[in-house]
Amino acid sequence: TITLAAAGARAECALPPEPVVSLDFASRYAEGDASRSELDGEAAAAAEDALRPVEDFLRDLTDAANEAADRNDPAAADCVIEQMAIWADADALSELGGGTAELTIGSRGAGLSLIFLQVAPIARDADKLDMVRGWLDRRIADQVDFWETEAPDGARQGNLRAWAALGAAARAADTKGPNAMRFAFWAGASASYVLCTADKDGSLPQEMRRGKRALQYQLHAIAPLVVTAALLDQAGTPLAGVCNNALDRAVGFALDDLQDQGRATQAITGQTQTFFDGSDQIEGFHLAWVT
């Protein structure tokens, strides 16, 4: 059993936030808005409050993992794994209180799985590595079950499933994990399912339903699809040619439309996109996958 005191035994390794076991919140979008593009301010704030400890944990872990990998520093990698082991020991994120939390947690599982993939090769505590592997596998398995049995039909075709697929692909890339083959298959099938919805021009219909946020959500879907494709390509199961090169078409649509002030997306949705109406701006994370 991991305790906070034990994890803090090394003064240079900070304690993580208290593990979040239960998570439940309502949709952040206005009730009755079929496009899911109009935010409900109060609901959005409640969702952000519920997710904040998870987001803080992910941000700090990402910074620490990047630094450990850049320096090839086993002690720093050990610290990342120690912090994750505390959440693993608590079986964090195991009690999700509804569909909205289930839909949202996939991207966080992807982040945690990518962090682990980054530091596991240089971390040294085999027992803690195995503890974290087991925890991540349980969370990804929960997502597989959710998407196959409970997820709404529309969401199954969009960015949220793509993020869940990335989590599975990252776990599959950890070849010491006992579920690698199962997760690789599901990641490829799920990413293909989303990609094969792409229209001839590369626009993703599920994201084009998002009105003024459609281009933003096209990018939000492309990011995990590109990284999933890269991980699966390394494993010898390429996605590049799936459904008449749907990934290339989806990427091309988004990049071309960004250069064209969102005119193609506006023609589909009938609305000026948020990147070009002054309400949003393009940030680094929107295009991090390009590099």
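Before reading on, note that the structure itself is shown above.
Residue numbers restart at each chain and count upward from 1, following the sequence in its written direction. Reporting in this predicted model follows two pLDDT cut-offs: at least 70 for local features of residues, and 80 or more for side-chain atom pairs to be given and counted; totals over whole chains, interfaces and linings ignore these cut-offs and use all residues. Note that the side-chain values use all heavy atoms of the structure and ignore hydrogens as well as water.

### Comments concerning the state of the cysteines
Here is step 1: Throughout, disulfides are identified as pairs of cysteine sulfur atoms within 2.5 Å of each other. All chains considered together, the criterion is met by two disulfides.
Here is step 2: At a sulfur-sulfur separation of 2.1 Å, the disulfide partner of C13 is C79. Handedness here is read from the sign of the S-S torsion; for C13 and C79, about 95 degrees, the answer is right-handed. You can see C13 sitting in the loop between α1 (4-7) and β1 (22-23) and its partner C79 sitting in helix α3 (residues 74-89), a full 66 residues away along the chain.
Here is step 3: Covalently, C196 is tied to C243 through a disulfide, its sulfur atoms 1.8 Å apart. Between C196 and C243, the S-S torsion sits near 95 degrees, and that sign places the bridge as right-handed. Here C243 lies in helix α10 (residues 242-259) and C196 lies in the loop between α7 (180-195) and α8 (205-208), a separation of 47 residues in the sequence. In this text, helices come from DSSP runs of H or I with a minimum length of four residues, and strands from runs of E with a minimum of two, each type numbered from the N-terminal end.

### Overview of the packing of aromatic side chains
Here is step 1: Aromatic rings from Phe, Tyr and Trp, with only the six-membered ring used for Trp, were paired whenever their centres fell within 6.5 Å, and each pair was classed as stacked if the ring planes differed by under 30 degrees, edge-to-face if by over 60, and tilted otherwise. Summed over the entire model, instances satisfying the criterion amount to three aromatic pairs.
Here is step 2: Ring geometry for F146 against W147: centres 5.4 Å apart, planes inclined by 80 degrees, an arrangement best described as edge-to-face.
Here is step 3: The exposure class assigned to F146 is buried, which follows from its relative accessible area of 4%.
Here is step 4: A relative accessible area of 0% places W147 in the buried class.
Here is step 5: Pairing F275 with F276 gives two aromatic rings, centres 6.4 Å apart and planes at 80 degrees, and the pair type is edge-to-face. Accessible area is worked out with a 1.4 Å probe on protein chains only. A residue is then buried under 20% of its type maximum, exposed over 50%, and partly exposed in between.

### Points about the nonpolar core
For soluble globular proteins, nonpolar side chains are generally found buried alongside one another.
Here is step 1: We define a nonpolar core as any set of buried Ala, Val, Leu, Ile, Met, Phe, Trp, Tyr and Cys residues linked to one another through side-chain atoms lying within 4.5 Å. Counting residues in hydrophobic clusters, the biggest one holds 45 residues, and the most contacted among them are W147, F183, I222, L225, L247 and W289.
Here is step 2: Put simply, the parts of the chain that give this core at least two residues each are α4 (99-119), α5 (126-149), α6 (159-173), α7, α9 (214-234) and α10.
Here is step 3: A total of ten residues in this core trace back to one element, the largest contributor, which is α9.
Here is step 4: Every residue pair with non-hydrogen atoms within 4.5 Å of one another is taken to be in contact. With residues up to four places along the chain from it excluded, the contact list for L225 reads A162, A191, V194, L195 and L247.
Here is step 5: One finds A47, A77, A120 and V132 within the second-largest nonpolar core, a separate group that totals 35 residues.

### Considerations on the layout of surface pockets
Here is step 1: Only protein atoms enter the 1 Å grid used here, on which a cavity is any set of points holding a 1.4 Å probe that cannot leave and a pocket is any open set flanked by protein within 12 Å on both sides along at least five of seven lines; residues with an atom within 4 Å of a point are listed as lining. Grid points are joined across faces, edges and corners, and a volume is the space filled by probe spheres set on the points. Roughly 200 Å³ of internal volume is contained in the second largest pocket.
Here is step 2: L96, I105, R139, D142 and Q143 are, among the 17 residues lining the second largest pocket, the residues nearest its centre.
Here is step 3: Where the lining of the second largest pocket is concerned, the elements lending two or more residues are α4 and α5.
Here is step 4: For the lining of the second largest pocket, the element with the most residues is α5, which contributes seven residues.
Here is step 5: Gly is placed with the polar residues, together with every amino acid not listed as nonpolar (Ala, Val, Leu, Ile, Met, Phe, Trp, Tyr, Cys and Pro) or charged (Asp, Glu, Lys and Arg). Its residues placed into classes, the lining of the second largest pocket shows seven nonpolar, four polar and six charged.

### Concerning the pattern of salt bridges
Here is step 1: For this analysis, a salt bridge means a side-chain nitrogen from Lys or Arg found within 4 Å of a carboxyl oxygen belonging to Asp or Glu. A complete count under the given rule lists 20 salt bridges for this structure.
Here is step 2: Two residues, R263 and D260, come together in a salt bridge whose shortest N-O distance is 3.1 Å.
Here is step 3: Using a relative accessible area of 49% as the deciding quantity, one classes R263 as partly exposed.
Here is step 4: For D260, a relative accessible area of 35% puts it in the partly exposed group.

### Re α6
Here is step 1: The span you would expect from a helix comes to 1.5 Å times its residue count less one. Along its 15 residues, α6 runs 21 Å from first to last C-alpha, staying within 8% of the 21 Å computed at 1.5 Å per residue.
Here is step 2: Of all the 15 residues making up α6, 13 are buried; the element is thus mostly covered by neighbouring parts of the structure.

### Focus: the environment of D63
Here is step 1: Checked against the element boundaries, D63 lands in helix α2 (residues 41-71).
Here is step 2: Overall, the relative accessible area of 48% leaves D63 in the partly exposed class.
Here is step 3: Along the chain, D63 and F183 lie 120 residues apart, while their C-alpha atoms are 26 Å from each other.

### What about the packing of α9 against α10?
Here is step 1: Close contact between α9 and α10 brings their axes to 10 Å; oriented N to C, the two are set at 140 degrees. Relative to α10, the element α9 is oriented oblique. Relative to α10, α9 is oriented so that their crossing is left-handed. Facing L215, Q218, L219, I222, L225, V226 and A229 of α9, the residues of α10 in contact are L247, A250, V251, F253, A254, D257 and L258.
Here is step 2: Residues of the contact of α9 with α10, tallied by class, amount to twelve nonpolar, one polar and one charged. Whenever a helix is involved, its axis is fitted only over the stretch in contact; in every case the axis is a line through C-alpha atoms, and angles between N-to-C directions fall within 0 to 180 degrees. Should an angle fall under 35 degrees it is taken as roughly parallel, and over 145 as roughly antiparallel, whereas 65 to 115 is taken as roughly perpendicular and any remaining angle as oblique. Definitions for this section: a left-handed crossing has its near helix turned counterclockwise from the far helix by less than a right angle. A right-handed crossing has that turn clockwise.

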